Amino acid sequence: MLNNGNKSICKFEDVIVSYIYDESSVAERRDFESHLLECSSCTYEFASISSARYSVFEWHKEEFADLATPQIVIPYAPKKPKVIEENESIGFLDGLRGLFSGSGWPVTVAAALIICLGVGFAALTFLERGEQPIASNVIVDEPTIPSIVTQEKLPDTVRGDIATVEIPDAPNTIETSASNIMTPVREIQPVKATRKRRSNPSTQNKEVTAQTRNTETPPVAPQLRQVPVLSNYVESDDKSLRLTDLFDQELGDGG
Amino acid sequence: MCAEGVSHHLCCFELLFSCENGGYHEWMFINLTDEQLVELAVLENPDAFGEIVRRWERKIFALCFGMLGREDDARDAAQEAFIAAYRNIAKFRGEAKVSSWLHRIAVNQCLTTKRRQKSRAEDFLDDANGEPDRTFVASPHLSPARTTEKAERMTLVRQAVAALPSDLRQVIVMKEFEEMTFQEISETLELPLSTVKSRLYTALKQLKMKLERTPVEVI
């Protein structure tokens, strides 16, 4: 039954829409179905509401259901680069990441090149250190004597002393020739202090001192030039004072 | 340091998964709620807002179609609605659900489009209802007479829905086009459940009356 021709006096408005859209509870559904059998106005109301609902449902099915969802394009703003403040310190990794994150491939290529060069240089340095002896383990063999130099006979026990050499006519030639002298190096074992005693070391030291005194060079004339001694050095004949001798002496003195 | 209004765990999520190209993957967002995605989008993460768009674009498009009745207008309105949402995402305070917020923006966009159409129709002396010409494709299963009848009925339904008040039209569109439950409509519109049902009842009743006034004559 309707009042004023529009509104149903039965309070089933909510139940009708819930029933039409199948969202009513079991109890509501049972009560409403039993009510429809008794109330003709609610039956008419239910029919008209269902008809309207079906019209909208049909419209949706016919014109919308098959439409493709539009592709939504959002004009995103470009991302702002991070601004580093003056007082903000960045670490090594941050700097490296910032270097590689820079826009443009030249920056990346340059950074990669720098790193490759650094690694290569470090590798070469390491290899060279492995092949060559360190400076403390090296002695320099005597270079070949240029033909223009006349060498005095020097004691064999003296190494590295200055000899007086007369250069007759070509005073500048010696520099050019000496610069071409190749000085091959050879490796020797580092000197170690041992407890091995030499026979009468004090006497030996005295002999070395005397020999050294005899090698004093005469006064250098103005026309003479000084060049390194180039003698026929034989290591086994070397009786000069060595560091090990000092150690041996101390050990011997100390007991 | 977490940004103001951004929960700490989301801030950590941002730091953990952000990369230089802004590359997020879809699987990262699957378990996030709309509200969490908005928090990430506020941090200028376009992928997070892209996930919001992916979740809601169909429903917003359906809402716009139901409100406007035309596919082209609905596409434009949906596009404009999402752009407006992205531009104003920093103003989203989390007091309402993201779905409610998006629906409000979309409904406002549809009303704006309606007003523009109305003024345009008045300017160019369009037909009385502002209904442009449409092309109907005949169904192979229906006779030409039935096809014509159906097309005319669709036009009447569209016009009847368009003539409803916006609050009633919104409820009926959300129910039929977005296929939302009463509870979802209630939460989206932030209305009591009984109010939603009452509005839908009134909308269908008025729709029925409008359709009965203009019966379709079958030739």
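Right above here is the structure, for reference.
Can you lay out the interface of chain B and chain A for me, pointing to particular residues and giving the numbers?
Facing the 38 residues of chain B at the interface are 29 residues of chain A. Contributing elements (two or more residues each) for the side of chain B that touches chain A: α3 (46-68), α4 (71-87), α6 (144-162), α7 (166-176) and α9 (193-213) of chain B. If one sorts the elements of the side of chain B that touches chain A by residue count, α9(B) sits on top with 10 residues. Split into classes, the residues belonging to the side of chain B that touches chain A amount to 21 nonpolar, five polar and 12 charged.

Before we move on, can you summarise helix α1 (residues 13-20) of chain A with the specific residues and values?
Turning to α1(A), its buried residues are A:E13, A:V15, A:I16, A:V17 and A:S18. Looking at the buried residues of α1(A), the elements they touch are α2 (26-36) and α3 (40-64) of chain A together with α9 of chain B. Downstream of α1(A) by one or two residues, A:D22 has phi in the positive range, about 55 degrees.

Give a description of the environment of B:S99 that names residues and reports values.
All names here are of chain B. Locating S99 in the fold gives a position in helix α5 (residues 98-123). Between the C-alpha atoms of S99 and I60, which are 39 residues apart in sequence, the distance is 9.5 Å. Leave out the neighbours within four places in its chain, and S99 touches D34, W56 and T188.

How would you summarise the nonpolar core if you had to cite specific residues and measurements?
Counting 62 residues, the largest nonpolar core has B:I60, B:L63, B:C64, B:A78 and B:A106 as the members making the most contacts within it. When neighbours within four sequence positions are excluded, B:I60 is seen to be in contact with B:A78, B:A81, B:L102 and B:A106.

Describe the packing of α3(B) against α7(B), with residues and values.
Residues and elements named next belong to chain B. At a minimum axis distance of 9 Å, the contact between α3 and α7 shows a crossing angle of 130 degrees. Here α7 runs oblique to α3, going by the angle between their axes. Every pair of crossing elements has a handedness; the one defined by α3 and α7 is right-handed. Only R169, V173, M174 and E176 of α7 make contact with α3, whose side of the interface consists of L63, G66 and M67.

Describe in detail unusual backbone geometry, supporting the description with residues and values.
Backbone geometry places A:D22, a non-glycine residue, at a positive phi of 55 degrees. With respect to the helices and strands, the residue A:D22 is situated in the loop between α1 and α2. Under the C-beta neighbour-count criterion, A:D22 is labelled exposed, with 7 such atoms within 10 Å. Despite not being glycine, B:E179 has its phi angle at roughly 55 degrees, a positive value. Note on placement: B:E179 falls in the loop between α7 and α8 (182-189).

What counts, and where the lines are drawn
- Residues numbered from 1 in each chain as written.
- Chains lettered and ligands numbered in written order.
- Predicted model: local features only at pLDDT ≥ 70, side-chain atom pairs only at ≥ 80, totals over all residues.
- Contact = placed C-beta atoms within 7 Å.
- Helix = DSSP H or I, 4+ residues; strand = E, 2+ residues; numbered from the N terminus.
- Nonpolar A, V, L, I, M, F, W, Y, C, P; charged D, E, K, R; others polar.
- Buried ≥ 20, exposed ≤ 12 C-beta atoms within 10 Å, placed from the backbone.
- Core = buried A, V, L, I, M, F, W, Y, C linked by C-beta atoms within 7 Å.
- Axes fitted to C-alpha atoms, helices over the stretch in contact; angles between N-to-C directions.
- Parallel < 35°, antiparallel > 145°, perpendicular 65-115°, else oblique.
- Left-handed = near helix turned anticlockwise from the far one by under 90°.

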